[in-house]
Amino acid sequence: MQKKRDNFSSKFGVIAAAAGSAIGLGNIWKFPYIAGENGGGAFLIIYLVFIILIGVPVMMSEFIIGRKAAQNVFGAFRSLSKSGFWKIIGVMGVLAAFFILSFYGTVAGWTIEYLYLAVKNSFAGKDAAQIEEMFTAFSTSTYKPVIFQILFMAITALIVIRGIKKGIEKYTKILMPMLIVIILYLDITALSLKGGMEGLKFLFQPDFSKVTPKCVIDALGHSFFTLSLGMGVLMTYASYFKNDTNLTKTSISVAAADTIIALLAGIAIFPAVFAFNTEPAAGPGLVFITLPNIFEQIPGGFLFSILFFLLLGVAALTSSISILEVVVAYLSEEKQISRTKATIIATSLITVTGVLCTLSLGPLSSFGIFGLNIFDLLDFIASNILLPLGGMLISIFVGWKLKRHIITDELSNYGTIRLTSIKIFIFLVRYLAPISILIVFLHGVGIIKL
Ligand code: PHE
């Protein structure tokens, strides 16, 4: 007997929850820093192409599978296919969730620390060098970042224990629009800074000589990371969708909202980077060493810095709960462990790995594999390998294995809405998405040379 499952209560709740998962540190912390490391404009274009041609169809595929099966990832493939092979998507997804939440907790912990610093008005009167020094001292210290990380993980676990409706929907609806308003304010200020236009040029003027295999695979990995794709997060969420949710429209809205927020974050950050003469390729600390400089200068900066880091923390939370949900749904529905117990077990294990990520930026920084510290290594394996491979298999499943009438039924809500671009969709999931993922992947790891 199937247990009765929760449903999202409103249409907006569905989109809010999916967007809440997609919009997070990926947009505001990660996008600017990897765009900065990969030279800006050209990276942006490649990333946008991947979002449109691969991200959206893979998201639609996850929605189709999730809503049709109404189960966690493992159950979903079991109910839709006789072959046991597709279980691999679930296995890779749980592994990716584990890795991602480990380093995500590190950065989310920084957000809480910065909220605390903002409340103490610690950015006031500091110049760019002092603000940078503040970040370095904090992020490489032994205890503080770990404590904030544990705090963040505990909050994530509490929300997941309380279940889908009360947990996720409520937090996303009001707070995300507020975050957008603050970022817009930062944009306007950043653009009016002296020398700020250089930053816009950096972000929007493509210089294709900077495109390396690493740039392309980073762009692909990030398009999956930022849309929460390839590991079953959105599949799990879609299992709670109602029958009248328009899957095509929802995918496009989520991808568009996600992309716009990343761009707005970039428009705030790069002008400031150039105006304050800091380094666009500063790595994971970029946002934390750039934005306080703007807060230090704007009217109301004290208040806005508090609000910003608070809301960034909330944005991280609506993503982290979606990541933890993958592991919890697996343990509770597949291994018959109670939800509370599953959450506690998963959170504890992830926090232990997460603390290693945090320490790998400070005390454990000399410990690394392939020249990457633990933090970067887990990010690389999850974002650039597991998510794209998961996405490739998901699109192959929908394009080649799933019965065509299931696709048309789901996309048309059983004939109640008109299907316009089904042929394009099929072409994208059958050929374009899997083949391009494969090529980027082989190119990125150096097996083929273009
Ligand atoms: N998309 C989230 C972000 O941009 C992170 C995430 C990755 C969430 C993978 C779920 C799955 O912050």
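Since the structure is predicted, the reported quantities are computational estimates derived from the model, not experimental observations. (Residues numbered from 1 in each chain as written. Predicted model: local features only at pLDDT ≥ 70, side-chain atom pairs only at ≥ 80, totals over all residues. Heavy atoms only, no water.)

Looking only at helices and strands, the protein features 18 helices and two strands. If one aligns the C-alpha atoms of the protein with their principal axes, the spans along those axes are about 65 × 50 × 40 Å. Burial analysis of the protein (450 residues in total) assigns 60% to the buried set. Long-range pairs, those at least 24 residues apart, make up 83% of the contacts in the protein between residues at least 6 apart in sequence. A total accessible area of about 17900 Å² is found for the protein, and carbon and sulfur atoms account for 68% of it. (Helix = DSSP H or I, 4+ residues; strand = E, 2+ residues; numbered from the N terminus. Buried < 20%, exposed > 50% of the residue type's maximum accessible area, 1.4 Å probe, protein only. Contact = heavy atoms within 4.5 Å. Areas by Shrake-Rupley, 256 points an atom, 1.4 Å probe, with all protein chains shown as cover.)

A surface patch of nonpolar side chains, about 440 Å² in accessible area, is lined by I45, V49, I52, L53 and F208. With respect to the helices and strands, the residue F208 is situated in the loop between α9 (196–204) and α10 (213–226). (Patch = residues over 30% accessible without salt bridge, like charges linked within 9 Å, V, L, I, M, F, W, Y side chains within 5 Å. Salt bridge = Lys/Arg side-chain N within 4 Å of Asp/Glu carboxyl O.)

Counting across every chain of the model gives eight salt bridges. A salt bridge links K30 to D379; the nearest nitrogen and oxygen atoms lie 2.9 Å apart. Here K30 is found in helix α2 (residues 25–37), whereas its partner D379 is found in helix α16 (residues 374–401), with 349 residues between them in sequence. The burial state of K30 is the same as that of D379; both residues are buried. When the shortest N-O distance is used, the salt bridge between R78 and E334 registers 2.3 Å. Separated by 256 residues along the polypeptide, R78 in helix α4 (residues 73–80) and E334 in helix α14 (residues 301–334) bring together distant segments of the chain. Looking at E334, the relative accessible area reads 22%, which means it is partly exposed.

We now examine the site of the ligand. The environment of the ligand is formed by 16 residues, the closest being A22, G26, Y104, F225 and S228. Between the ligand and the protein, one listed contact pairs an oxygen atom with a backbone N or O atom of A22 at 2.8 Å. Burial of the ligand by the surrounding chains reaches 100%, relative to a free accessible area of 320 Å². Going through the elements one at a time, α1 (11–22), α2, α5 (87–119), α10 and α14 are the ones with two or more residues in the shell around the ligand. Of the residues in the shell around the ligand, the class split is eight nonpolar, eight polar and no charged. (Near = heavy atom within 4 Å. Polar contact = N/O pair within 3.5 Å; in protein donor to acceptor, adjacent residues only side chain to side chain. Nonpolar A, V, L, I, M, F, W, Y, C, P; charged D, E, K, R; others polar.)

The next point concerns the packing of α2 against helix α13 (residues 286–297). Closest axis-to-axis distance for the α2/α13 pair is 9 Å, and the angle between their directions is 105 degrees. Here α13 runs roughly perpendicular to α2, going by the angle between their axes. Counted together, I28, W29, P32 and Y33 of α2 and L286, V287 and F288 of α13 form the full contact between these two elements. Taken together, the residues of the contact of α2 with α13 break down into seven nonpolar, no polar and no charged. (Axes fitted to C-alpha atoms, helices over the stretch in contact; angles between N-to-C directions. Parallel < 35°, antiparallel > 145°, perpendicular 65-115°, else oblique.)

It is worth spelling out the environment of R162 at this point. Residue placement: R162 occurs in the loop between α7 (144–161) and α8 (164–191). For R162, a relative accessible area of 44% translates into the label partly exposed.

Let us look at the packing of aromatic side chains. According to the stated counting rule, one finds 33 aromatic pairs in the structure shown. Arranged with centres 4.6 Å apart and planes meeting at 35 degrees, the rings of F74 and Y330 form a pair that is tilted. Highlighted residues: F74 in helix α4 and Y330 in helix α14, separated in sequence by 256 residues. Taking 5.9 Å as the distance between ring centres and 40 degrees as the angle between the ring planes, the aromatic pair formed by F427 and Y431 counts as tilted. Of this pair, F427 and Y431 both sit in helix α18 (residues 422–444), four residues apart, which is roughly one turn of the helix. (Phe/Tyr/Trp six-rings, centres within 6.5 Å; stacked < 30°, edge-to-face > 60°.)

We now examine the nonpolar core. The nonpolar side chains of a soluble globular protein tend to be buried, and buried together. Membership of the largest hydrophobic core comes to 154 residues, with the highest contact counts inside it found for F308 and F309. Among the elements that line this core, the one with the most residues is α5, at 19 residues. (Core = buried A, V, L, I, M, F, W, Y, C linked by side-chain atoms within 4.5 Å.)

To continue, consider the side chain of K30. By relative accessible area, K30 is classed as buried at 3%. At 3.2 Å, the side chain of K30 forms a polar contact with the side chain of S383. Ignoring anything within four residues of it in the chain, the contact list for K30 reads L25, H222, F225, D379 and S383.

We now examine helix α17 (residues 404–411). Every buried residue belonging to α17 is among I406, I407, E410 and L411, and all of these are buried. What you see down the axis of α17 is that its buried residues fit within an arc of 120 degrees, all on one side. Its buried side turned inward, α17 meets α3 (41–69), α12 (247–275), α16 and α18. The positive-phi residue at the C-terminal boundary of α17 is N413, with phi of around 50 degrees. (Arc of directions from axis to C-beta.)

Turning to the environment of K201, a few remarks are in order. Along the chain, K201 falls in helix α9. Separated by 143 residues in sequence, K201 and I344 place their C-alpha atoms 47 Å apart.

Before going further, it helps to examine the confidence of the model for the protein. Within the protein, residue pLDDT values average 91, and 95% of them lie at 70 or more. α8 is the least confidently modelled element of the protein, averaging 78 in pLDDT, while α3 averages 97, the highest of any element. (pLDDT = per-residue confidence, 0-100.)

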